[in-house]
Amino acid sequence: MTGSRMDTRPDESDVNQPVLGFVGTGRWAWRQLTSMRTALFLLLLLAIGAVPGSIWPQRNIDAGRVADYLASHRTTGPWLDRLGFFDVYSSPWFAAIYLLLFISLVGCVVPRSKLHWRTMRSQPPRAPRHLERLPEHGEAVVNGTPQEVLQLARDVLGRRQLWAGRYRLRSDGLSLSAESGYLRESGNLVFHTALIVVIVAVAVGHLFGWRGDRILVTGKSFSNTISGYDTFDPGPWVDTEGLSPFRVAVDKLVVTFEEHSTGAQRGAPRDFTAYTRTQTSPGAPQIHQILKVNAPLTFGGTSVFLLGNGYAPVITVRDAAGQVLLHEATPFLPQDANYKSVGAVKVSAASPKQLGFFGFFLPSEYLDKDAGPSSFFPDLKNPALALGVYEGELYPQGRPQSVYTLSTEKMTQLRNARGEPLRLLLKPGQTIQLPGGRGSITFDAVQRWAGLSIRYDPGKLLALIGSVAALAGLIASLVIRRRRMFVRVRPLGPRTVVSIGGLAKGEDPGLGTAIEDLLATIAQRSGTKGSDTKT
Amino acid sequence: MTNQTLAQYANLSVYSAMAVFTIAMTAFALDLAGAAPAVLGEDPHRPRARKAAGIAMMLTRLGGLLLIAAVAMRGLSVDRPPLGNMFEFALVGSMFVVVIFVAISLRRDLRWLGLFVIGPVLLTLGMAITVWYTDASELLPSLKSFWLVIHVTVATFAVALFTIAFSVTILHVVKTWLDAQDPTEMSRIRTTVNAALPPSRSLDRTAYGLHAVAFPLWTFTLIAGAIWAEQAWGHYWNWDPKEVWTFVIWVVYAAYLHARATTGWSPRAANYLALAGFGAILINYTVVNLFFVGQHSYSGM
């Protein structure tokens, strides 16, 4: 960092202008915005502004938890919502902070780049008269004429230095000016410019990227079209017709959980592997590929990730005559670490009234005294379905609804002979007759489903390049020392007094040593024995 | 598969290291207590015999070796890098703190700093083996990646550097405060502390140097984490609580470096930023790991 502030333009004092006027005010505002003090303030504001997003649930991450929070905090919830605390990173105030910071960054980088460009092409300044007044200074008497000694100093300083590059030299008679470490400021500018690149890359990803999610039961396949997704979240400028037409089928999903450990680690997931068949386009040959967590499938710039899994019990519903009304694997959503899963089976073909089953799938069922049917382990040790039955109208007014819950406003729950709500507990292979000649339900088998997330982000490579460049620039700006060395020689009888002064910008604890080294090298090369140096 | 016997030996090694560090810390404290001049007006930086400090440094190295052994055995017991839960992060972090401290002490006199490095290490190890202890077991699927080694090792190393830098910064704040006082009016304990610490400027330089090394490493942590997140979760940035706090830490330390480079800011303001940065690190490690719901739920608790 070179100066007192990022804005290094010459100080065009406004003192003489009693009225600023429109342009003056604009210039003043610009100066304020691009000042180091404002940049620091905005940085800290950005840090503070980001924190609420880690404390309160966020809609873009988990909309369900936001809904729960709003339901349990009826007074504070709506206010927090109005202030954007559930969408912190897309809220106007957060955007205001980073946009101002972005402008401040541009306002810092542009003038500094101009200045650095000029500095890079200019010569080091003339050596000051009194080198001993500089922060670091050293002197020695060495053999040789002043011209010879000065030439030695030129040679030594002209060599490539570790961390500093080559010194740029300027000679004026019996003095020499040398400056090195221009790359420090270059690194600094690369760092700040690269941050701008990263921000642009994030914006590109936001505008042109998309994300789709699909729950895929084993044995099924899906194509990369909007209709193939359960949810699809495109950026504003995405061409949703032009998605690459790949296809993924999941043949098998192997899931393992911690069996041996006891305590908190028991039942922790250990491995998820999906065996897939993929096609890059409908007519292309099928390829067998393994999809794992941390190992996505890629199709051009689009990647398929395995982010979740669960169970899909295969259920058959028949009417009183034994006619199959429904036969399918229905995905249930896991609710806890032991995969107690919730789901609904909607039999719209049932008559005269439609039938709906709602309840839990339990991979390792046991009856908890308080919570009812529960699961003690995430794997299939004692699979069971616990369902309640409703009849009536499944889709009132045809409103869209979740496939995992029943909308029961136009439905009534079936009851048993004692008038209690009817509860079915089914094991695989079991069939239960529904009361009143409503037919039967069979729990045929259990399949697994894979939760696939498909992402396309055209900005990610740029973001990577930008952040790596930022890191390189940062290291250069912290490691490289910006130094000026001034050498002056004067004759002392047949010998020469060489005097060296050093000046550094910023922290440079090694400057004194560098001067000592330089004096020692000159003394050695000039054939001077013993040390006559004083610093 | 896990080898529980080996894991037991690892714990034994941690307990031994803690015992050794306790003696080292006491010896460091005794050494500092002897720093005050016996006679008022005597040169506070006079040469004095520092036998206790010598013993303390030896014990610190021994404790460091015990910690390295503990990390190695823990890793071997689970057949993976021991970077999978809170206990292991704390163990590896403590090891890095001691290793960095010993490495720097080979080139520079750090006897004044020992107490303020071994103290936090002992505290962390104590928390790790009692509160955060997690049985040796396999990793969650999302952690099975070579990025675990890169991302978490560098993160832990950077945190270790930030920890030492934090101790030095606190000492700098104390030293600046003492420098502003009249030496003849100072109480005995303040005189002792004043005499035990290096000059303010040297403290400042050391703290800055440590931060200047740690910050690029933290930047690397952020980038490596983003690359890994892209592979594991589908996007390089998800505003997960851990990501948010990693970013907050980065921003606060970036502000510190800017404040240091700006002549308009006093070193004291910059120091407060550094302390705030470490506060954010502590929150990131404890509150975020244990209480916030997110994708970095690897505390093992």
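Residues numbered from 1 in each chain as written. Chains lettered and ligands numbered in written order. Predicted model: local features only at pLDDT ≥ 70, side-chain atom pairs only at ≥ 80, totals over all residues. Heavy atoms only, no water.

Q: Describe the overall build of chain A, and please don't skip the residues or the numbers.
A: Along the backbone of chain A there are 10 helices and 26 strands. In terms of its C-alpha atoms, chain A occupies a principal-axis envelope of roughly 125 × 60 × 50 Å. In chain A, buried positions account for 46% of the 535 residues. Pairs at least 24 residues apart make up 62% of the contacts formed inside chain A by residues separated by at least 6 positions. For chain A, the accessible surface area stands at approximately 26900 Å², while carbon and sulfur atoms represent 57% of it. Each charge sign in chain A was given a centre, from 59 positive and 43 negative side chains, and these centres are 6 Å apart. (Helix = DSSP H or I, 4+ residues; strand = E, 2+ residues; numbered from the N terminus. Buried < 20%, exposed > 50% of the residue type's maximum accessible area, 1.4 Å probe, protein only. Contact = heavy atoms within 4.5 Å. Areas by Shrake-Rupley, 256 points an atom, 1.4 Å probe, with all protein chains shown as cover. Lys, Arg positive; Asp, Glu negative; His and termini not counted. Charge placed at Lys NZ, Arg CZ, Asp CG, Glu CD.)

Q: Provide a residue-level description of the pattern of salt bridges, including the pertinent values.
A: Residues and elements named next belong to chain A. Counted by the stated rule, this structure contains 23 salt bridges over all chains. A salt bridge links Glu259 to Lys381, with the nearest nitrogen and oxygen atoms 3.0 Å apart. Of this pair, Glu259 sits in the loop between β9 (247–257) and β10 (269–279) while Lys381 sits in the loop between β19 (372–375) and β20 (384–392), placing them 122 residues apart in sequence. What makes Glu259 partly exposed here is its relative accessible area of 33%. (Salt bridge = Lys/Arg side-chain N within 4 Å of Asp/Glu carboxyl O.)

Q: Requested: an account of the sheet that holds β10(A), with residues and values cited.
A: Residues and elements named next belong to chain A. Spatial ordering of the open sheet is given by β7-β9-β10-β11, a layout of 4 strands whose pairing is antiparallel. Two strands close off the open sheet at either side, each with one partner strand: β7 (221–223) and β11 (287–292). If you compare each strand with its neighbour and ignore which way they point, the axes differ by 30° on average. Pairing analysis gives 3 bridges linking β7 to β9, with the strands arranged antiparallel. Across the sheet, residue Phe222 finds its bridge partner in β9, namely Val248. (Pairing = 2+ DSSP bridges. Axes fitted to C-alpha atoms, helices over the stretch in contact; angles between N-to-C directions.)

Q: Hey, could you go over the nonpolar core for me, with residue numbers and the actual values?
A: In this structure, Phe21(B), Phe101(B), Leu113(B), Ile164(B) and Val248(B) are the most contacted members of the largest nonpolar core, which totals 112 residues. Ranked by residue count, the leading element in this core is helix α7 (residues 200–233) of chain B, at 15 residues. Residues in contact with Val248(B), not counting those within four places in the same chain, are Ala47(A), Ala50(A), Val51(A) and Ala280(B). Counting residues in each nonpolar core, the second largest holds 48 residues, with Val238(A), Val248(A), Leu424(A) and Ile454(A) among its members. (Core = buried A, V, L, I, M, F, W, Y, C linked by side-chain atoms within 4.5 Å.)

Q: Go over the environment of Val293(B), please, and point to the residues and values.
A: By the secondary structure assignment, Val293(B) is in the segment after α10 (287–291). Residue class for Val293(B) comes out exposed when judged on its relative accessible area of 51%. Remark: the alpha-carbon pair of Val293(B) and Phe96(B), spanning 197 residues in sequence, is separated by 28 Å. Apart from the residues lying within four places of it in its own chain, the contact partners of Val293(B) are Arg65(A) and Pro241(B).

Q: Describe in detail the side chain of Ser177(A), supporting the description with residues and values.
A: Residue and element names in this part refer to chain A. Along the chain, Ser177 turns up in strand β5 (residues 175–180). Residue class for Ser177 comes out buried when judged on its relative accessible area of 0%. Those residues in contact with Ser177, other than ones at most four positions away along the chain, are Pro124, Pro125, Arg126, Ala127, Arg168, Leu169, Arg170, Asp172, Met485 and Phe486.

Q: Tell me about the packing of aromatic side chains, and name the residues and values.
A: Each aromatic ring pair is summarised here by two numbers: the centre-to-centre distance and the angle between the ring planes. Under the defined criterion, the tally for this structure stands at 34 aromatic pairs over all chains. Measuring from centroid to centroid gives 6.3 Å for Phe257(A) and Phe377(A), while their planes differ by 75°, and the two rings are edge-to-face. Here the residue Phe257(A) occupies a position in strand β9, and Phe377(A) occupies one in the loop between β19 and β20, the gap between them amounting to 120 residues. One aromatic cluster is present, built from ring pairs that chain together Trp56(A), Phe85(A), Tyr89(A), Trp93(A), Phe94(A), Tyr98(A), Trp237(B), Trp239(B) and Phe247(B). Directly above the ring of Tyr275(A) sits Lys252(A), whose terminal nitrogen or CZ lies 5.2 Å from the centroid. Stacked on the ring of Phe360(A), the Lys or Arg Lys340(A) has its end atom at 4.4 Å from the ring centre. (Phe/Tyr/Trp six-rings, centres within 6.5 Å; stacked < 30°, edge-to-face > 60°. Lys NZ or Arg CZ within 6 Å of the ring centre and 35° of its normal.)

Q: Give a description of unusual backbone geometry that names residues and reports values.
A: Note the cis peptide between Ser351(A) and Pro352(A), where omega equals 5°. You will see that Tyr339(A), though not glycine, has its phi angle at about 60°, which is positive. Here the phi dihedral of Asp79(B) falls at roughly 60°; this positive angle occurs in a residue that is not glycine. Mapped onto the secondary structure, Asp79(B) falls in the loop between α2 (51–78) and α3 (86–105).

Q: Summarise helix α7 (residues 146–158) of chain A; cite the residues concerned and give the values.
A: Residues and elements named next belong to chain A. With 13 residues, α7 should reach 18 Å at 1.5 Å per residue; the first-to-last C-alpha distance of 18 Å fits that figure. Those residues of α7 not exposed but buried are Pro146, Val149, Leu150, Leu152, Ala153, Val156 and Leu157. End-on, the buried residues of α7 take up no more than an arc of 155°, which puts them together on one face. (Expected span 1.5 Å × (residues − 1). Arc of directions from axis to C-beta.)

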